[in-house]
Amino acid sequence: MLRSLVGSEMCIRDRYGVTTSDMLHSLLTLVFAVAVAADVPTTEISPGVHMPMVNFGICNHTLWLQSGGRGLDTALVYGDAAQAEVGSAISASGLPRSSVFVTTKIPCCPSLQWEAYNNNSNATCATVPSNSSADIAHDLRTLGLEYVDLMLMHWPCDRFEDTLATYQVMEGMVAAGQARAIGVSNFNAPLIDRLVRHARVKPAVNQCGLSVADHTMTPEWGRDDATVEMCKRHNVTFQAYSPLGGWALGGTGHVLNDPSVKTIAAAHNKSSAQVALKWLVQQGIVVVTSSNKLANDVSDQQLWDFTLTEDEMMRLAAVK
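Below, the structure is looked at part by part. Computed from a predicted structure; not experimentally measured.

Turning our attention to the overall build of the protein. Along the protein, the regular secondary structure elements total 14 helices and 10 strands. Counting the 320 residues in the protein, one finds 57% classified as buried. A sequence separation of at least 24 residues applies to 74% of the contacts in the protein between residues at least 6 apart. On the protein, roughly 12600 Å² of surface is accessible, and the fraction owed to carbon and sulfur atoms is 55%.

Counting 78 residues, the largest nonpolar core has I45, M151 and V212 as the members making the most contacts within it. With seven residues, the single largest contributor to this core is helix α12 (residues 272-281). Aside from chain neighbours lying at most four places away, what touches M151 is T104, K105, I106, I136, D139, M170, M173, A179, A181, I182 and G183. With nine residues, the next largest nonpolar core counts V77, C109, Y117 and W221 among its residues.

Listed in full, the buried residues belonging to helix α8 (residues 189-198) are A189, L191, I192, D193, L195 and V196. Buried residues along α8 sit in contact with α7 (160-176), β7 (179-185), β8 (205-209) and α9 (225-233). One side-chain oxygen at the N-terminal end of α8 lies 3.0 Å from the backbone nitrogen of L191; it belongs to N188.

What follows deals with the packing of helix α11 (residues 259-268) against helix α14 (residues 310-317). Where α11 meets α14, the closest approach of the two axes is 10 Å, and the angle between their N-to-C directions is 155°. What the angle tells us is that α11 and α14 run roughly antiparallel. When the axes of α11 and α14 are compared, the crossing they make is left-handed. Contacts from V261, T263, I264, A267 and H268 in α11 reach E312, R315 and L316 in α14. Within the contact of α11 with α14, the residues separate by chemical class into four nonpolar, two polar and two charged.

Further remarks concern the environment of R315. Note that R315 resides in helix α14. When the C-alpha atoms of R315 and V261 are compared, they prove to be 8.6 Å apart, with 54 residues separating the residues in sequence. Residue contacts for R315: discarding those within four places in its chain leaves T263 and I264.

Across the seven residues that make up β7, a large majority, six, are buried. As paired elements, strand β6 (residues 148-153) and β7 share five bridges and run parallel to each other. Bridging from a neighbouring strand, V148 pairs with A179 of β7. Handedness of the crossover is the feature at issue here: the chain leaves β6, passes through α7, returns alongside β7, and the resulting connection is right-handed. In this structure, β7 lies alongside β8, joined through two bridges in parallel fashion. By the bridge assignment for β8, S185 is matched with Q207. Read as a crossover between parallel neighbours, the route from β7 over α8 to β8 is right-handed.

Conventions we followed
Residues numbered from 1 in each chain as written. Predicted model: local features only at pLDDT ≥ 70, side-chain atom pairs only at ≥ 80, totals over all residues. Heavy atoms only, no water. Helix = DSSP H or I, 4+ residues; strand = E, 2+ residues; numbered from the N terminus. Buried < 20%, exposed > 50% of the residue type's maximum accessible area, 1.4 Å probe, protein only. Contact = heavy atoms within 4.5 Å. Areas by Shrake-Rupley, 256 points an atom, 1.4 Å probe, with all protein chains shown as cover. Core = buried A, V, L, I, M, F, W, Y, C linked by side-chain atoms within 4.5 Å. Polar contact = N/O pair within 3.5 Å; in protein donor to acceptor, adjacent residues only side chain to side chain. Axes fitted to C-alpha atoms, helices over the stretch in contact; angles between N-to-C directions. Parallel < 35°, antiparallel > 145°, perpendicular 65-115°, else oblique. Left-handed = near helix turned anticlockwise from the far one by under 90°. Nonpolar A, V, L, I, M, F, W, Y, C, P; charged D, E, K, R; others polar. Pairing = 2+ DSSP bridges. Right-handed = clockwise from strand over helix to strand, strands pointing away.

Keep in mind these values describe shape, not function.
Right, here's the structure in full:
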């Protein structure tokens with residue numbers, strides 16, 4: 001199941017680089033959480049729909065909202081408990097629903113190629129067609145929400161005809177007020193290009209894995225620079241899951257402990273994670289990260305008081 005939990009770091013980065021000083025700093029930052037939240041940078045993904053540049057996947061959504069974060073990411077395949085936890089976190093926060101940006105996802109089945117890639121973690125999707133309307137209703141019911149801000153197709157079906165049929169059901173969500181925007185996940189450059197040409201409602205977002213050291217390795221699932229460029233061509237916002245490397249690189253330590261990343265971080269008095277995230281957001285790429293530690297939640301949002309030089313951006317792009 002774990003490899004199918006795309007959209008987060010799955011909390012695996014928590015064992016790296018958190019000190020007592022970090023925790024004290026983050027606790028002080030919590031005092032100013034309301035002010036921080038008011039200044040959360042966003043990008044317009046669809047007319048009038050503004051998405052936070054930094055979003056949060058699996059782990060403690062309550063802690064993320066307390067730290068000032070406002071973008072939450074979940075999915076049907078993460079399980080009912082995970083989606084219900086998102087709804088509970090919003091309810092317990094006391095925040096207006098309109099101030100929290102919620103993304104969820106539905107599968108596209110049959111997709112033998114996706115299940116093979118994920119070691120058959122959900123083998124029924126390899127052969128059984130989706131009931132997209134039922135999946136959408138299930139997501140909303142489990143979240144306890146009347147609408148989501150963004151509904152994504154979690155992966156494409158094997159046949160484009162089935163992919164388009166699922167997307168057309170999602171298009172109906174916008175008309176029905178069940179989603180403010182819709183998009184896709186794990187679509188490569190040729191597939192996003194083809195979908196845009198057939199869609200009535202242009203996908204607002206394409207969420208794929210991308211990070212320092214992982215932007216060339218898996219082009220079939222959109223984890224590459226060519227997909228980023230195709231999204232720019234069609235004005236589709238690219239969002240990166242596993243922005244610190246995550247399971248694709250055997251853990252976040254590959255990125256966080258890289259000598260180039262650490263050297264650039266020291267030059268800016270920032271953490272390795274902040275530099276790796278900055279490399280993405282400075283390109284206009286939205287990120288979805290995750291952690292169970294307050295210090296990480298706070299620092300992941302402190303990306304706006306420094307700028308990487310052109311040389312530093314190139315050095316980070318060259319990390320393998």
